[in-house]
Amino acid sequence: MRNSGSIGGKRAVLIFCFLAYLMTFFFMSPTKTYAADLDVNDLGITRDVEPTRPTVIRQPGTATEADDIRELNVSNNLSITYTDQQGNLSGTLRILIILTLVAMAPFLVIMMTSFTRILIVLHFVRSAIGTQTAPPNQVLVGLTLFLTFFIMNPVITQINNDAVKPFEAGEMTQQEFLDTAMEPLREFMYPQTQTKDVRLFMDIAKIESVESIDDIPTRVLVPAFVISELRRAFIIGFLIYIPFIVIDMVVASTLMSMGMMMLPPTTISMPFKILLFVLADGWNLVIGNLVKTFY
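Because the structure is a prediction, the values reported are computed rather than measured.

A few words now on the packing of aromatic side chains. Note on aromatic pairs: each is described by the distance of the centres and the angle between the planes. According to the stated counting rule, one finds six aromatic pairs in the structure shown. Here phenylalanine 188 and phenylalanine 294 contribute two aromatic rings whose centre-to-centre distance is 6.3 Å and whose plane-to-plane angle is 15°, an arrangement assigned as stacked. Of this pair, phenylalanine 188 sits in helix H7 (residues 174-192) while phenylalanine 294 sits in the segment after helix H11 (282-292), placing them 106 residues apart in sequence. With a centroid separation of 6.3 Å and an interplanar angle of 40°, the aromatic rings of phenylalanine 244 and phenylalanine 277 are classed as tilted. Here phenylalanine 244 is found in helix H9 (residues 218-257), whereas its partner phenylalanine 277 is found in helix H10 (residues 265-279), with 33 residues between them in sequence. On the accessibility criterion, phenylalanine 277 (10% relative accessible area) is buried. What links up through ring pairs into an aromatic cluster is the set Phe124, Phe234 and Tyr241. Residue placement shows arginine 117 over the ring face of phenylalanine 294; its charged tip is 3.9 Å from the ring centre.

So, on to the packing of helix H4 (residues 115-129) against H10. One way to put it is that H4 packs onto H10 with a least axis distance of 9 Å and a crossing angle of 130°. Relative to H10, the element H4 is oriented oblique. Contacts between H4 and H10 involve Val125, Ala128 and Ile129 on the former and, on the latter, Met270, Lys273, Ile274 and Phe277. Residue composition of the contact of H4 with H10, by class: six nonpolar, no polar and one charged.

Here the focus is the nonpolar core. Formed by 43 residues in total, the largest nonpolar core has its most connected members in Ile118, Phe188, Met189, Val220 and Ile240. Every element with two or more residues in this core is listed here: H4, helix H5 (137-151), helix H6 (153-168), H7, helix H8 (195-204), H9 and H11. The residues contacting methionine 189, other than those within four sequence positions of it, are Met112, Leu221, Val222 and Phe225.

What follows covers unusual backbone geometry. Backbone torsion omega between alanine 134 and proline 135 reads -5°, so that peptide bond is classified as cis. Here proline 135 shows up in the loop between H4 and H5. Even without a glycine there, the phi angle at lysine 206 is positive, about 60°. Inspection of the secondary structure puts lysine 206 in the loop between H8 and H9. Here the phi dihedral of aspartate 281 falls at roughly 55°; this positive angle occurs in a residue that is not glycine.

Before going further, it helps to spend a moment on H11. Taken as a whole, H11 has its buried residues at Gly282, Val286, Ile287, Leu290 and Val291. Seen from one end, H11 has its buried residues packed into an arc of 140°, which puts them on one side. On its buried side, H11 packs onto H4, H5, H9 and H10.

Further remarks concern a nonpolar patch on the surface. There is a patch of nonpolar side chains on the surface, built from Ile235, Phe238, Leu239, Ile242, Val246 and Val250 and spanning about 570 Å² of accessible area. Looking at the element boundaries, isoleucine 235 is found in helix H9.

Taken together, the side chains of Glu176, Asp179, Glu183, Glu187, Glu211, Asp214 and Asp215 define an acidic patch exposed on the protein surface. Looking at the secondary structure, you find aspartate 179 in helix H7.

Rules of the game
- Residues numbered from 1 in each chain as written.
- Predicted model: local features only at pLDDT ≥ 70, side-chain atom pairs only at ≥ 80, totals over all residues.
- Heavy atoms only, no water.
- Phe/Tyr/Trp six-rings, centres within 6.5 Å; stacked < 30°, edge-to-face > 60°.
- Helix = DSSP H or I, 4+ residues; strand = E, 2+ residues; numbered from the N terminus.
- Buried < 20%, exposed > 50% of the residue type's maximum accessible area, 1.4 Å probe, protein only.
- Lys NZ or Arg CZ within 6 Å of the ring centre and 35° of its normal.
- Axes fitted to C-alpha atoms, helices over the stretch in contact; angles between N-to-C directions.
- Parallel < 35°, antiparallel > 145°, perpendicular 65-115°, else oblique.
- Contact = heavy atoms within 4.5 Å.
- Nonpolar A, V, L, I, M, F, W, Y, C, P; charged D, E, K, R; others polar.
- Core = buried A, V, L, I, M, F, W, Y, C linked by side-chain atoms within 4.5 Å.
- Arc of directions from axis to C-beta.
- Patch = residues over 30% accessible without salt bridge, like charges linked within 9 Å, V, L, I, M, F, W, Y side chains within 5 Å.
- Areas by Shrake-Rupley, 256 points an atom, 1.4 Å probe, with all protein chains shown as cover.
- Salt bridge = Lys/Arg side-chain N within 4 Å of Asp/Glu carboxyl O.
- Lys, Arg positive; Asp, Glu negative; His and termini not counted.
- Charge placed at Lys NZ, Arg CZ, Asp CG, Glu CD.

The following block contains the structure:
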């Protein structure tokens, strides 16, 4: 009985709450609020009224002059200063140019130094001996870099003394710095470049004639220098191949006379090539004479 009484009491409470909600929904009227700057007509419809004082002095997007646009877009302005009021590049642009030159440094080293000739000759030496991966490419490139710095050391020193130090001291402009820095490189490339290669690129560039070698443009001198370096490197490589070809011919004829035609001659000749190269102190001869070709 107690349980049925308690259940009945809960039902009565739920019914009372439901009735109270209905009374609140049907009998309470909604409250209407109006803004201070709105007007209500007789039908209870509100209409907008122009505000007495605008919230902004000028609407965005109504600028008609450059100064107005600058005021409206203060955070979107971008200005680049490329001079320092003295005809020189600004520090920011100078840093950008330096980073660009650092990225192009490998190409400058290859095109305007002794790097090309040395590397090609060393590859010919490895191919002539017959060792495909000894010495490896990393060793050849590293040796070539050090030999290049050794050969170009007088040029680098002259550029540092005549161009870099005066430029850092503010004694010359950028154009004077570039001209002074290129002069030692041009003096290095002149003796290594053949006349016919220079004439080839002068004809391509439609340059009739020059009064002196100083009048040859750098854009003509650099590719002519590279072609001359390739020609000299291949000539040296041919001379290096000759003694090793003789060994291959002797070994091949010996094997054929012994009836061992199925045995590859290179397998037998390679130890003799290495022995000949070591006994003749080949690295000393090749590197020494290769470096002397630049003097």
